[in-house]
Amino acid sequence: MDIRSLQKPLKEQYRHDPNASKITIRAKGGQTDAPVACSVDIGRAIYQAEAHKGVGGAGVGACSGDLLLGALAACAQITCQMVAAAMGVPTERIAVTVEGDMDLRGTLGISKDVPVGFESIHLNFDVTAPKATPEQLRSLREKTEQYCVVMQTLRLPPKLESKWAGQD
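Residues numbered from 1 in each chain as written. Predicted model: local features only at pLDDT ≥ 70, side-chain atom pairs only at ≥ 80, totals over all residues. Heavy atoms only, no water.

Novice: Would you take a moment to explain the pattern of salt bridges for this structure?
Specialist: Note on pairing: side chains with opposite charge can pair once their charged atoms come close. Taken as a whole, this structure holds 7 salt bridges when the rule is applied. The salt bridge involving D103 is made with R105; its shortest N-O contact spans 2.6 Å. Among the ionic pairs, E145 bridges to R155, the shortest N-O distance being 3.7 Å. A residue pair is termed long-range when its members are at least 10 positions apart, and E145 in helix α4 (residues 134-147) and R155 in helix α5 (residues 149-155) qualify at 10 residues. On the accessibility criterion, R155 (49% relative accessible area) is partly exposed. Residues participating in the shared-partner salt-bridge network are R141, E145 and R155. (Salt bridge = Lys/Arg side-chain N within 4 Å of Asp/Glu carboxyl O. Helix = DSSP H or I, 4+ residues; strand = E, 2+ residues; numbered from the N terminus. Buried < 20%, exposed > 50% of the residue type's maximum accessible area, 1.4 Å probe, protein only.)

The structure is reproduced here in structure tokens:
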């Protein structure tokens with residue numbers, strides 16, 4: 001696949017019309033019969049999510065933490081593949097594993113001293129590229145980390161606001 005050819009008309013369009021590059025991605029969580037589960041509609045697919053077993057969920061479905069880490073793994077892996085293709089880095093395999101550490105006492109309100117959410121997130125890139133030079137691999141790493149949307153969003157969080165319908 002020639003990623004440069006795929007992206008060339010898009011880049012030209014965005015250079016000439018910067019407003020064309022602005023998008024909004026939407027996800028909507030919807031109630032299910034169980035208070036520990038929901039559906040997540042991203043417009044192109046609907047996923048089922050549930051509370052983690054450690055906070056009362058059944059432990060058989062993806063929890064929101066799984067979805068967050070999965071989004072990071074997907075974004076990092078796809079970004080790395082696209083960057084390698086664009087740079088002409090000869091890869092045989094690219095896999096990304098993401099792990100996040102948290103203390104559930106925070107989200108359960110057991111301890112005010114424990115933060116709610118992930119305390120650390122670890123990415124492990126497993127790139128098999130025996131014909132790539134060390135410089136190519138160094139550049140692949142730099143550009144992957146630079147252009148991975150989810151990684152950059154977590155590193156430099158955007159302004160986050162919440163609105164509640166019917167409340168001021």
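After presenting the structure, the write-up continues.
Novice: Whenever I open this one, the nonpolar core confuses me. Can you help?
Specialist: Note that soluble globular proteins tend to have their nonpolar side chains buried in a common cluster. Core analysis: the largest hydrophobic core is formed by 9 residues, namely L69, L72, A73, C75, A76, V96, V98, C148 and M151. Sorting elements by how many residues they give to this core places helix α2 (residues 64-87) first, with 5 residues. Apart from the residues lying within four places of it in its own chain, the contact partners of M151 are L72, L123, F125 and E145. C80, V83, V89 and A129 belong to the second-largest nonpolar core, a separate cluster that totals 8 residues. (Core = buried A, V, L, I, M, F, W, Y, C linked by side-chain atoms within 4.5 Å. Contact = heavy atoms within 4.5 Å.)

Novice: Can you help me understand the packing of helix α1 (residues 3-16) against α2 in this one?
Specialist: Packed helices, taken two at a time, are described by the angle between their axes plus the distance between the axes. Packing of α1 against α2 brings their axes to within 8 Å, and their N-to-C directions diverge by 100°. Viewed along their axes, α1 and α2 adopt a mutual orientation that is roughly perpendicular. Here I3, R4 and Q7 of α1 come into contact with α2, specifically with M82, A85, A86 and M87. When its residues are assigned to classes, the contact of α1 with α2 shows 5 nonpolar, 1 polar and 1 charged. (Axes fitted to C-alpha atoms, helices over the stretch in contact; angles between N-to-C directions. Parallel < 35°, antiparallel > 145°, perpendicular 65-115°, else oblique. Nonpolar A, V, L, I, M, F, W, Y, C, P; charged D, E, K, R; others polar.)

Novice: Looking at this model, I keep getting lost on the sheet that holds strand β1 (residues 28-31). Mind explaining?
Specialist: Working definition: the strands of a sheet are paired by backbone hydrogen bonds and lie parallel or antiparallel to each other. The antiparallel open sheet is built from 3 strands, whose spatial order is β1-β2-β3. With partners counted over all chains shown, the strands left at the sheet margins are β1 and β3 (46-50), one partner each. Averaged over all pairs of adjacent strands, the angle between their axes in this sheet comes to 30°, without regard to strand direction. Of the strand pairs in this sheet, strand β2 (residues 37-41) and β3 are connected by 5 bridges, and their pairing is antiparallel. Bridged to A37 within β3 is E50. (Pairing = 2+ DSSP bridges.)

Novice: Quick question: what am I supposed to make of the packing of α2 against α4 here?
Specialist: α4 packs onto α2 with a crossing angle of 130° between their chain directions and a minimal axis gap of 9 Å. One finds that α2 runs oblique with respect to α4. Note that α2 runs across α4; the crossing there is right-handed. Side by side, α2 and α4 meet where A76, T79, C80, V83, A84 and M87 of the first sit next to Q136, S139, L140, K143, T144 and Y147 of the second. For the contact of α2 with α4, a count of residues per class yields 7 nonpolar, 4 polar and 1 charged. (Left-handed = near helix turned anticlockwise from the far one by under 90°.)

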